[in-house]
Structure formats: C-alpha cells, structure tokens
Amino acid sequence: MPNYGRILAAIDLSEEANGVLERAAGMAKHHGAELHLLHVVEPLSLAYGGDIPMDFSEVQLQLEKQAEDALDKFAKQLNLPKERCHLLSGRPDSQIHELAKTLEVDLVIVGSHGRKGLALLLGSTANGVLHGANCDVLAVRVGSQK
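These figures come from a predicted structure and were not determined experimentally.

Caption draft 1: Examining the packing of helix α4 (residues 92-103) against helix α6 (residues 125-132) more closely. As a packed pair, α4 and α6 sit with axes 8 Å apart at the nearest point and diverge in direction by 40°. Between α4 and α6, the angle is such that the two are oblique. In terms of crossing hand, the pair formed by α4 and α6 is right-handed. In contact with P92, D93, I96 and H97 of α4, α6 contributes T125, G128, V129 and G132.

Caption draft 2: Main features of the sheet that holds strand β5 (residues 136-141). Spatial ordering of the open sheet is given by β3-β2-β1-β4-β5, a layout of 5 strands whose pairing is parallel. The sheet is open, and its two edges are formed by β3 (85-89) and β5, each paired on a single side. Taking the axes of each pair of neighbouring strands and ignoring which way they run, one obtains an average angle of 25° across the sheet. Where strand β1 (residues 6-10) and strand β2 (residues 34-41) come together, 5 bridges link them in parallel fashion. Across the sheet, R6 pairs through a bridge with E34, a residue of β2. This element, helix α3 (residues 57-77), spans β2 and β3 of the sheet and lies at about 160° to β2. Against the sheet, α4 touches β1, β2, β3 and β4 (107-112), its axis set at about 150° to β2.

Caption draft 3: Local environment of the layout of surface pockets. Taken as a whole, the second largest pocket spans an internal volume of roughly 180 Å³. H39, V41, E42, L63 and A67 are, among the 12 residues lining the second largest pocket, the residues nearest its centre. Split by residue class, the lining of the second largest pocket holds 9 nonpolar, 2 polar and 1 charged.

What counts and how
Residues numbered from 1 in each chain as written. Predicted model: local features only at pLDDT ≥ 70, side-chain atom pairs only at ≥ 80, totals over all residues. Heavy atoms only, no water. Axes fitted to C-alpha atoms, helices over the stretch in contact; angles between N-to-C directions. Helix = DSSP H or I, 4+ residues; strand = E, 2+ residues; numbered from the N terminus. Parallel < 35°, antiparallel > 145°, perpendicular 65-115°, else oblique. Left-handed = near helix turned anticlockwise from the far one by under 90°. Contact = heavy atoms within 4.5 Å. Pairing = 2+ DSSP bridges. 1 Å grid on protein atoms, 1.4 Å probe; cavity = no way out; pocket = protein on both sides within 12 Å on 5 of 7 lines; lining within 4 Å. Points joined across faces, edges and corners; volume = space filled by probe spheres on them. Nonpolar A, V, L, I, M, F, W, Y, C, P; charged D, E, K, R; others polar.

Shown next as structure tokens:
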C-alpha cells in the first residue's frame, strides 16, 4: 500500500480539534506527507435558512475573523505555513470534498462524535465527508468516549 502524500485535516476549531490535529500530524509524519488544515465557516443564512429577516453580514465577518485567528493558532502549533491553511465558507462536507479534489489529497481526516439515535439518522459532517469523498477518510473519535 502506498504512503499518503498529501493529507487534509478538517477541523472545527474547538478544543476537540487538538485530537484531530494530533492524529493528522502523526499520520503526516509517519507517511512523510504534506499536511493541510481546513476550517469551514457555515454562513448564518444556511444555519437559519433565511427564516429571520436580518442582515447577518457584520456578524458573519466577525465569525470569519475569529475563525482565521483560531486557525492561525492551530497552524503555529504544527509549524505549518500559511499557504497550507484554508478557511472556506459554505457547507462543510461539500467544501471539504471540493478542496480535497483541488489539492489532490490522498487522505481526509475529520473529527467524529460517534452520534447515535436521531443525530445518526440526520447525519453529521464526518458522515457527509465519508460518503462523498474520492479518497480515504479517517474519522477520529472526539468528545465523550462513553
């Protein structure tokens, strides 16, 4: 089996992202791979479906700035150059698929909360990434280990 040459770690910028980054950095080191980081900011209009007639543009800009700052911190932990850090806006699963194709990655690493019940039926970002990926996907268990 060939080594992974390029890995994309898609993170949510929470404390739980550290576990995903740890696994991604380890995989990149083991395979001698180029590591890229991605965070996707969901537009507030997607979250609220346009049901609330308000202008969210200023709030959206603040969210994107906070996400950029947080992504920079994670990148510094791994000594990653800025050109390997990606901040996109949209639906996380589709943005992850698109960037993975653009970068021609061999492996996408995402966090998974191991959802059960209704959340399992509704799906998750990790599930969406898995079912539309053109490369291998590693879902790293994060959060409660029960």
